[in-house]
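# Overview (structure and organization)
So you can see what is in the structure, the chains are spelled out below.
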Amino acid sequence: MFNSTGNNFGAGTIQFKDYQAENYVVLNAKFTYDPTNAAYQGVDTLEIYVPDLSINRSAVAGAILAFQDRYVYSSYTWNNDGGTAIKTWIKDKNTICLEKFTNFDDKGEITIFIQALYPMLNQPGNPIKGTRTRINMTQETRYLYWDSETFCVIFDHWVFLHIGFSSCSYSYRNQPWEAVMEGFPTDVCADVPWIGGSNQYNPSVTGYSLAHVENGVFTCQERMSGFDSTGYDPFIFAFLVRDGENNSE
Amino acid sequence: MKELPTECCRIVLFVIKDIEAWCPPIRSKTAIRSGLKREFIDPLSKISREYKQLSDSQMQAWEVLANHLKGISYFGKAAEMTAHNAFVRINSNRLLAGKSILMDAPSHISNIPAVVYDEIWVTPSDLIIKGIVHQNDPLRLVIKMSAGLSAGVSSGWSKTVIVSAGIEDDWGDANVRGRYMKVVGFAPAVGDKVFLELYWLNTETGFVGASAFDSKICITSEEAEAEGYVKRNKITMDDIKPDSHVSECDVDFSTGAPVISFDTVCLGHSNVASSEAYLEDELPADCIGTSMALARGMGEGNACFAAQSYIIWLRNSSWDGSSITFAHRGGYYVKPTEVFGPGILY
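Residues numbered from 1 in each chain as written. Chains lettered and ligands numbered in written order. Predicted model: local features only at pLDDT ≥ 70, side-chain atom pairs only at ≥ 80, totals over all residues.

Right, let's get into the nonpolar core. Among the nonpolar cores identified, the biggest contains 109 residues, and Ala63(A) and Ile236(A) are the most heavily contacted of them. Beyond its immediate chain neighbours, meaning those up to four positions away, Ile236(A) contacts Leu161(A), His162(A), Ile163(A), Val192(A), Trp194(A) and Ala211(A). Listed in part, the 36 residues of the second largest apolar core include Val142(B), Ala165(B), Trp200(B) and Val208(B). (Core = buried A, V, L, I, M, F, W, Y, C linked by C-beta atoms within 7 Å. Buried ≥ 20, exposed ≤ 12 C-beta atoms within 10 Å, placed from the backbone. Contact = placed C-beta atoms within 7 Å.)

So, on to the sheet that holds strand E9 (residues 212-217) of chain B. Residue and element names in this part refer to chain B. Read from one edge to the other, the open sheet built from four strands follows the order E6-E5-E8-E9, with strand pairing classed as antiparallel. Whereas interior strands pair on both sides, the edge strands pair on one side only; in this sheet they are strand E6 (161-167) and E9. Between one strand axis and the next, the sheet turns by 20° as a mean value, whatever way the strands run. As defined by bridge partners, strand E5 (residues 139-145) adjoins strand E8 (residues 193-202) across seven bridges and the pair is classed as antiparallel. (Pairing = 2+ DSSP bridges. Helix = DSSP H or I, 4+ residues; strand = E, 2+ residues; numbered from the N terminus. Axes fitted to C-alpha atoms, helices over the stretch in contact; angles between N-to-C directions.)

Let us now look at the sheet that holds strand E3 (residues 119-122) of chain B. All names here are of chain B. Spatially, three strands are ordered E3-E4-E7 in an open sheet, and the strand pairing comes out antiparallel. Every other strand in the sheet has two partners, leaving E3 and strand E7 (174-175) as the edge strands with one partner each. By the bridge criterion, two bridges tie strand E4 (residues 127-130) to E7 in an arrangement that is antiparallel. Residue pairing across strands places Ile129 opposite Ala174, the latter belonging to E7.

All names here are of chain B. Per-residue confidence for chain B gives a mean pLDDT of 85; residues scoring 70 or more make up 85%. Within the model, the stretch residues 1-8 combines pLDDT values under 50 with 14 contacts to residues more than four positions away or in other chains. The low-confidence segment residues 13-40 (pLDDT under 50) makes 27 contacts with residues lying over four places distant or belonging to another chain. With a pTM of 0.86, the predicted complex shows an ipTM of 0.96. (pLDDT = per-residue confidence, 0-100.)

What follows is the structure, encoded as structure tokens:
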């Protein structure tokens with residue numbers, strides 16, 4: 001775990017959970033920024049300054065950009081929260097860069113989820129193969145259904161997570177959701193962006209809903225309004241750091 | 001490691017033989033028939049004309065810069081420099097790197113390192129510089145190379161032309177075969193000697209660093225491997241068959257980590273939410289498997305910037321050859337989509 005030492009877009013201190021190997025790093029952070037901030041408006045690339053990383057640059061990785069967009073009516077709130085993937089990379093030992101994606105700057109506060117593995121290239125050897133572990137999402141009363149690409153790949157210090165949503169029993173569609181993730185490590189605690197669902201007010205992207213993983217339990221309090229639209233399959237894609245005692249080699 | 005000891009920066013006047021760097025020739029008859037003809041614009045004249053548009057204060061600043069540059073000698077001969085010379089030379093360097101003309105004179109203070117690299121490999125099928133010590137923006141690598149000359153030629157650097165007009169090294173590699181073939185037109189034969197000149201170009205100021213000069217005899221691929229050349233394990237557009245469904249492809253296995261690095265544009269095909277890259281050669285056995293990577297639409301159609309997840313199958317098949325299949329999984333399927341970043345391998 002470490003804190004940023006600064007940034008060029010007017011955000012506050014950003015806390016990172018990290019695993020740093022010799023030739024790659026896994027970083028987790030969730031933070032917000034204000035697109036009306038003068039510092040943000042003056043830069044082409046967002047830069048986060050950090051203490052020395054174990055690698056001095058990386059190939060491009062992916063992060064998730066999310067925003068809130070809600071319309072309150074007398075009897076309900078129409079949730080058009082949205083999000084998409086943006087590019088991120090490590091420029092040098094002390095600088096993490098993020099693509100400046102300005103399409104939703106008029107939506108107010110933007111949330112960024114960094115749950116990425118930053119690799120180096122031209123390293124000796126081919127990729128190391130992991131083992132796919134199926135996650136069995138269990139519930140006392142089963143109301144959630146998942147697609148076959150709900151799995152993880154577990155390493156000592158971090159885990160790759162992919163969740164694909166299939167459907168929900170009708171009577172539970174507006175309830176808070178909870179499921180036990182059998183097969184997934186219990187030492188991971190993270191807010192995870194759940195991307196997908198039709199987004200009527202922001203048709204250039206899909207929906208964004210916030211889920212949480214802790215102690216092997218998956219929860220999601222609410223979903224955006226088009227969450228279960230056909231063909232907009234919500235998914236989670238994240239490299240998550242495990243809460244070991246010492247995650248730096 | 002080879003390093004040339006010099007710290008002074010210099011500016012270079014590119015002679016007309018390097019004009020290809022600005023305006024690559026169109027050799028395709030089809031392209032010419034379709035009306036796409038090469039427009040010849042002499043960049044030096046264009047820059048010269050711009051000089052006349054400068055304000056008095058701007059001209060004075062270029063005068064000051066020229067005075068500073070007068071004292072810098074190269075090959076032991078003091079350079080003569082006027083404000084106009086400096087303006088043309090610096091801006092021709094900037095144009096070469098795809099930048100606009102600089103109207104305000106840059107500071108004369110510049111410290112551009114020499115190019116440091118491990119080895120150059122020249123075979124009929126590979127032209128690659130390996131182990132380049134990376135420099136950040138705005139420094140870009142300029143590589144000049146000669147055609148294959150007789151092995152008896154001892155100094156062929158005057159016959160070099162610009163092959164790379166300002167590239168970033170690819171993680172220590174500069175694979176210039178494609179560029180070389182475009183500019184020179186034919187690969188060196190085994191036994192030929194190829195001369196090279198390499199230097200860093202500061203694309204902001206137009207200054208360049210000291211040149212590294214080298215020459216290599218072209219050897220066979222087998223000889224290169226025996227001498228220690230290890231081909232990097234990555235798939236690019238040069239490695240895939242034309243009937244593939246990707247318009248850009250960079251699948252890099254050289255991570256030494258539990259991921260593959262992707263940068264591929266998937267076009268889709270036949271109303272199937274997947275794209276195949278059919279490979280010319282087999283994949284190494286330890287790269288066979290399944291991967292999962294993040295993706296984003298490229299701005300066309302509904303949900304044009306939708307985030308997606310893709311499952312990627314890497315396989316060698318005795319039935320239909322080797323291929324990489326990018327199959328849509330999460331999110332809204334969009335064509336075209338860029339699959340990018342690290343993909344876990346299992």
